[in-house]
Amino acid sequence: MELARVFGELLKTGWRPRRTIVFCSWGAEEFGLTGSNEWVEEYMKNLATRAVVYFNVDTALVGNDHLQVSANPSLAPMIDETLKKIPDPYPDDTRKTVFDTRKQRMGYKDDPPIYRLSSSSDHAPFSQQIGVPGVIMYYMYGYSHLSWYPLYHTGYDTFHIVDTHYDPEFKHFQAITRVWGELTRKMADALILPIDAAVVGESLRYIYTIVRRYQFTETKIPLLKGISFETLDNAVDTFCNATQHLQEAVTSSTKTDPMEVRLLNDQLMYMERGFIDYIGLPDTEFTTKRNIIYAQSADNSYVSTYFPALRDALNRLATTDDVTTQLKEVEKQIARLTYHLYSAASTVDDVITASLTRGNL
C-alpha cells in the first residue's frame, strides 16, 4: 500500500511510466494460490502477450539478517544493480547497501546468488502458465539450525512481535519496499527492457550440463543405450547462441530507431514464452504446470526443478519394471524439450521479424 501511495505521488509530479504498472493483492493463497491462478487464467490472453514481469512479496520479513531473492536468471543483473543502490537498514563500515549485507552475511567473496524460483507463491501462475519472469524476495534470518521462520503461520506471528523484536523501527520493511519500488520503476521506465538474454542462455547451458551429469548415473546409462541426445544438445546450443546474439544487439543498439527498440523489446519479452507447453507437463491435472525449463517435479510440488519432465522420466527409468515403455517416455520428453528450445530460439532470433519489418516477406 505504501508503494502504491509513493507511485501515486510520483504521478502528481508529472511522471508517467512507459509501461503500465498493476498492483495486485491476492486472496486464498494458502488454499492453492487460488486468487492469482484465477486472475491469470481469466486474463491469460492479455497477460501472455503484454505482461513483462511479475514482482512478488509474499512474506516481507521472516528475519532481519539479509535479503533473500529468487528470480528468473534473466533478471539477476538488474536485481544486483538495484541492490547496490539501496542503503542497508543498519549499515556499518563494511556494509553500506543491501547488496553488501547479502554478500557478507551469505558468506560469498563474489556476488551472492539469485536463487531459482520455487512454485510456492503467487509468482507461480505467471512463470508456470504463461512464461512471465518473476521475482520473490523477503528478509531472512541468519543461517542456523532453523529450517524456517518459527512463528510462520501461527497465532504468535503478530504486529507486536515485529514491532518489538524483528523490526522495531520498520527499517527492513522500508528497505524491501525501496528495492521493490526501484525494480518496478526500472522495468516500467527503461527504453529497452532490462532483461539479460545472455544470462538466460548461460544459465540454461549450465543446468543442462548438471542434469546430464547427475541424471545419467551408472544404473541408468545401460538403459539409455540407443537413445540419442544429439538433437537436444544442438537445440541447447542453438538457443544459447541466439540469446548471446540478442544481448549483443541490445548492447550495441543506439536506441534511436523506434522499430529497432520495439523489435528488441519484443524479443526480450517473448524469450521465455517459448518455454511454455500449453498442453501441460506430465502429472499435471489442471495444466497449471507448463514451463518445460522451470517447474515442479513429480516428487516435489513445492520447489521448482530444471527440465522437470525429462528428469522425472529419467528417474522413473531406474525404478520401473517396464523399461521399454519408460524409454519411449524419455524419448518423448527429449523431443518436447528440443521442439520448445528451437521455438524459443526462433523467438529470440530476429530473422522473421526483421524480414517483416523490412518488407521482405
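Let us look at the structure shown here. Since this is a predicted model, take the numbers as computed values, not measurements. (Residues numbered from 1 in each chain as written. Predicted model: local features only at pLDDT ≥ 70, side-chain atom pairs only at ≥ 80, totals over all residues. Heavy atoms only, no water.)

Examining the sheet that holds strand 3 (residues 134-140)
In step 1: Spatially, the 3 strands line up as an open sheet ordered 1-3-2, and their pairing is mixed. Two strands lie at the open edges of the sheet, namely strand 1 (54-56) and strand 2 (66-71), each paired on one side alone. On average, adjacent strands in this sheet sit at an angle of 20° to one another, irrespective of strand direction.
In step 2: One ladder, built from 3 bridges, connects strand 1 with strand 3; its direction is parallel. Bridge pairing in strand 3 links Asn 56 to Ile 136.
In step 3: Contacting strand 2 and strand 3, helix 5 (residues 98-105) crosses the sheet at an angle of about 95° to strand 2.
In step 4: Strand contacts of helix 8 (residues 171-189): strand 1, strand 2 and strand 3, with the helix running at about 165° to strand 3, the strand carrying the most contacts. (Pairing = 2+ DSSP bridges. Helix = DSSP H or I, 4+ residues; strand = E, 2+ residues; numbered from the N terminus. Axes fitted to C-alpha atoms, helices over the stretch in contact; angles between N-to-C directions. Contact = heavy atoms within 4.5 Å.)

Regarding the pattern of salt bridges
In step 1: The final tally for this structure, using the stated rule, is 13 salt bridges.
In step 2: Here Asp 189 ties to Arg 185 by a salt bridge, and the two come within 3.8 Å at their closest N and O atoms. One end of the pair, Asp 189, and the other, Arg 185, are both in helix 8, 4 residues apart, so they sit about a helical turn from each other.
In step 3: A network of salt bridges, in which partner residues are shared, links Glu 81, Lys 85 and Lys 186. (Salt bridge = Lys/Arg side-chain N within 4 Å of Asp/Glu carboxyl O.)

A few points about unusual backbone geometry
In step 1: Phi angles above zero are rare outside glycine, and His 153 is one such case at about 60°.
In step 2: For His 153, the position within the fold is in the loop between strand 3 and helix 7 (159-166).
In step 3: Of the residues examined, His 153 reaches a relative accessible area of 52% and is grouped as exposed.
In step 4: A positive phi angle, close to 65°, is found at Lys 255, a residue other than glycine.
In step 5: Topologically, Lys 255 is positioned in the loop between helix 10 (230-252) and helix 11 (258-270). (Buried < 20%, exposed > 50% of the residue type's maximum accessible area, 1.4 Å probe, protein only.)

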